[in-house]
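Given next are the chains, with one letter for each unit.
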Amino acid sequence: MNDLLTDEERSLQDSVRRFMLQEVEPLVPKMEADGEPPRSLFKRFAEFGFLGTFFSEEDGGSGGSLATRAIVSEETARVCAGLDLVLFADVVLFGRALMRCGTPAQKEKYLRPVLAGEKIGAMAITEPGGGSDALSPSTTAKADGSGFVLKGQKTWITNAPIADFVLVIARTGEGRSRLDGGTWFIVERGMPGFTTGKPFDKLGMRSSPTGEVFLDDVQLRKEHVLGEVGQGFRSLVDSLDTERVLVGASTVGQAQGCLDEAVRYANEREVFGEMIRDYQLIQEKIANMATGIEMSRSMLYRLLRAIDRGERVTREAAILKFFSSQMLTQSSSDMVQIWGGAGQLEANKTARFYRDGKHHEIGAGTNEIMKVLIARETYKEMGYRR
Ligand SMILES: Cc1cc2nc3c(=O)[nH]c(=O)nc-3n(C[C@H](O)[C@H](O)[C@H](O)COP(=O)(O)OP(=O)(O)OC[C@H]3O[C@@H](n4cnc5c(N)ncnc54)[C@H](O)[C@@H]3O)c2cc1C
């Protein structure tokens, strides 16, 4: 059954799959060792039209549905979850913010080169004081003549070590609501006072460089403000649902990669004179994985179509992220279990898939925060408002 995609989207899916297997998979061991993808790979993604699928042609994209981004992400994560995370920060976090709030001049200067694979973007929200409370940054931007002076520190920023442009949220004032007083700034590598730390040595997602951003009195002009001064927290909150739904594409893609490996090995390995595929305890794991993937994938594309129609999906986006990331963690563990000892060998991609499987229960909002949101939105939906 494949009624989730249009013919055109299915053809994109086939092209990305081929590209990932032929051009990207051979590069994965080096990307994992280097801790980052080669710059040339961004260009290759752009040449094939895989970076800007859902951006307008005017902005340098191909004008496709939001689902096209999910397709690229699923197929990328199926082969290399770290690379998918790099592209998520580059295109979904940085690129989409420029698409939604950028002026024509900002799009020309920052978005086009990112969609052409010439420059790399990042988005910096999280601070050392805690990522879950994203609306309380200590980073400040003080008005200074016609511009701003940015001061603070961000951490856990995907692409920080390699990014040319970093979108930074800072406090520029106070207001009556928690959503007042935040502003987005576009910071360029090379600006005095802007530095980044060494890449973190992480459990997984090793092809994706993560690190700190230091902002030491960075002087910014008005043209570095993205969107309206004081409205940054609102635009952050407005973008979260779509980002969480698109994380669902990453989790589904990674889980599919785990299922690919689990099924392959179950059909190769013979123990006690039987193929392990025939043992019911192995079949149970395969069935659980296949069920979780199908349920998550159906919800993913249903939500993407709803977002394209302009519907609000806050509760459902949190449900998808929570369910599918937990499903992925379990699937990556079940895959290693099916492989037995061989699953733990670095020579097999199972070890990498297992390490990478944990990330999405934490990044882009932890599962605890997702559950808080789901409960809050459920009370609201059922008429119990505070
Ligand atoms: C590989 C990686 C890449 C990342 N990339 C980026 C990026 O590009 N840009 C960016 O801005 N950030 C990024 N992050 C940061 C990520 O968004 C945060 O790690 C995440 O939001 C959690 O924040 P924290 O790590 O500070 O945990 P904390 O907020 O300190 O939370 C610690 C624990 O407390 C729990 N907790 C917190 N508050 C509550 C509550 N109210 N109720 C119940 N439990 C609670 C959390 O769920 C968690 O289990 C990345 C993180 C990782 C690991």
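All figures in this text were calculated on a predicted structure; none of them were measured in a lab.

The rules behind these values
Residues numbered from 1 in each chain as written. Predicted model: local features only at pLDDT ≥ 70, side-chain atom pairs only at ≥ 80, totals over all residues. Heavy atoms only, no water. Domains from an automatic or database assignment. Buried area = accessible area lost by both parts, 1.4 Å probe. Salt bridge = Lys/Arg side-chain N within 4 Å of Asp/Glu carboxyl O. Buried < 20%, exposed > 50% of the residue type's maximum accessible area, 1.4 Å probe, protein only. Helix = DSSP H or I, 4+ residues; strand = E, 2+ residues; numbered from the N terminus. Contact = heavy atoms within 4.5 Å. Near = heavy atom within 4 Å. Polar contact = N/O pair within 3.5 Å; in protein donor to acceptor, adjacent residues only side chain to side chain. Areas by Shrake-Rupley, 256 points an atom, 1.4 Å probe, with all protein chains shown as cover. Phe/Tyr/Trp six-rings, centres within 6.5 Å; stacked < 30°, edge-to-face > 60°. Core = buried A, V, L, I, M, F, W, Y, C linked by side-chain atoms within 4.5 Å. Patch = residues over 30% accessible without salt bridge, like charges linked within 9 Å, V, L, I, M, F, W, Y side chains within 5 Å. Axes fitted to C-alpha atoms, helices over the stretch in contact; angles between N-to-C directions. Parallel < 35°, antiparallel > 145°, perpendicular 65-115°, else oblique. Left-handed = near helix turned anticlockwise from the far one by under 90°.

### Concerning the domain arrangement of the protein
No. 1: Splitting the protein by domain gives domain 1 (7-120), domain 2 (123-230) and domain 3 (234-381).
No. 2: The centre of domain 1, based on its C-alpha atoms, is set 21 Å off from the matching centre of domain 3.
No. 3: Buried area between domain 1 and domain 3, both sides added, is near 2,100 Å², and the carbon and sulfur share of it is 55%.
No. 4: When the buried surface of domain 1 facing domain 3 is broken down by residue, Leu66, Glu74 and Arg78 rank first, second and third, together holding 29% of it.
No. 5: Counting the contacts that link domain 1 with domain 3 gives four salt bridges.

### Details of helix α10 (residues 349-356)
No. 1: With six of eight residues buried, α10 lies mostly within the body of the structure.
No. 2: What α10 keeps buried is the set Thr350, Ala351, Arg352, Phe353, Arg355 and Asp356.
No. 3: Elements that come into contact with the buried residues of α10 comprise α2 (28-34), α4 (66-79), α5 (81-101), α7 (232-266) and α9 (314-339).

### A look at the site of the ligand
No. 1: Surrounding the ligand, one finds 17 residues, the nearest of these being Thr126, Gly131, Ser132, Trp156 and Thr366.
No. 2: Contacts to the ligand include Met123, whose backbone N or O atom sits 2.9 Å from a nitrogen atom.
No. 3: Thr126 places a side-chain nitrogen or oxygen 2.6 Å from a nitrogen atom of the ligand.
No. 4: Against a free-state accessible area of 970 Å², the protein chains account for coverage of 65% of the ligand.
No. 5: For the shell around the ligand, the secondary-structure elements that each account for two or more residues are β1 (121-124), β3 (147-158) and α11 (367-381).
No. 6: For the shell around the ligand, the element with the highest residue contribution is β3, accounting for three residues.

### Notes on the packing of aromatic side chains
No. 1: Under the definition given, this model contains eleven aromatic pairs.
No. 2: Taking 4.4 Å as the distance between ring centres and 35° as the angle between the ring planes, the aromatic pair formed by Phe54 and Phe55 counts as tilted. Grouping residues by exposure puts Phe54 and Phe55 together as buried.
No. 3: When the centroid spacing of 6.0 Å and the interplanar angle of 25° are considered together, the rings of Phe94 and Phe165 count as stacked. One end of the pair, Phe94, is in helix α5; the other, Phe165, is in strand β4 (residues 165-171), with 71 residues separating them in the sequence. For the pair shown, Phe94 and Phe165 are each scored as buried.
No. 4: Aromatic ring contacts, followed pair by pair, group Phe19, Phe45, Phe48 and Phe50 into a single cluster.

### Examining the environment of Asp180
No. 1: Turning to its location among the elements, Asp180 is positioned in the loop between β4 and β5 (182-188).
No. 2: The buried category is assigned to Asp180, whose relative accessible area is 18%.
No. 3: In the structure, Asp180 is positioned 51 residues away from Gln231 in sequence and 6.2 Å away in space, judged by C-alpha atoms.
No. 4: Within polar-contact distance, the side chain of Asp180 engages the backbone nitrogen of Ser177 at 3.0 Å.
No. 5: At a separation of 2.9 Å, a polar atom in the side chain of Asp180 contacts the side chain of Arg234.

### What about unusual backbone geometry?
No. 1: For Trp156, which is not glycine, the phi dihedral falls at a positive 60°.
No. 2: Within the secondary structure layout, Trp156 lies in strand β3.

### A short note on the pattern of salt bridges
No. 1: For the structure on display, the rule yields 36 salt bridges.
No. 2: A salt bridge links Asp164 to Arg39; the nearest nitrogen and oxygen atoms lie 3.1 Å apart. One end of the pair, Asp164, is in the loop between β3 and β4; the other, Arg39, is in helix α3 (residues 39-47), with 125 residues separating them in the sequence.
No. 3: A salt bridge links Glu268 to Arg264; the nearest nitrogen and oxygen atoms lie 3.4 Å apart.
No. 4: Salt bridges sharing partners connect three or more residues here, namely Glu25, Glu261, Arg264, Glu268 and Lys349.

### Comments concerning the nonpolar core
Buried together is how nonpolar side chains tend to be arranged in soluble globular proteins.
No. 1: If you look at the biggest cluster of nonpolar residues, it comprises 65 residues, and the most contacted ones within it are Phe45, Leu83, Leu167, Val245 and Leu304.
No. 2: Here this core gets eleven residues from one element, more than from any other, and that element is α5.
No. 3: Core analysis: the next-biggest nonpolar cluster, separate from the first, contains 20 residues, Phe148, Ala170, Leu215 and Leu220 among them.

### A word on a nonpolar patch on the surface
No. 1: A contiguous nonpolar surface patch, about 440 Å² in accessible area, is contributed by Tyr379, Met382 and Tyr384.
No. 2: Assignment of secondary structure puts Met382 in the segment after α11.
No. 3: By relative accessible area, which is 60% here, Met382 ends up exposed.

### Examining the packing of α5 against α7
No. 1: The geometry of α5 relative to α7 is characterised by a closest axis approach of 11 Å and an angle of 155° between their N-to-C directions. Of the possible angle classes, the one that applies to α5 and α7 is roughly antiparallel. α7 is crossed by α5, and the crossing has right-handed handedness. Note on element contacts: α7 touches α5 through Ser235, Asp238, Ser239, Thr242, Glu243, Leu246, Val247, Ser250 and Gln254, opposite Ala81, Asp84, Phe88, Val92, Leu93, Arg96, Arg100 and Cys101.

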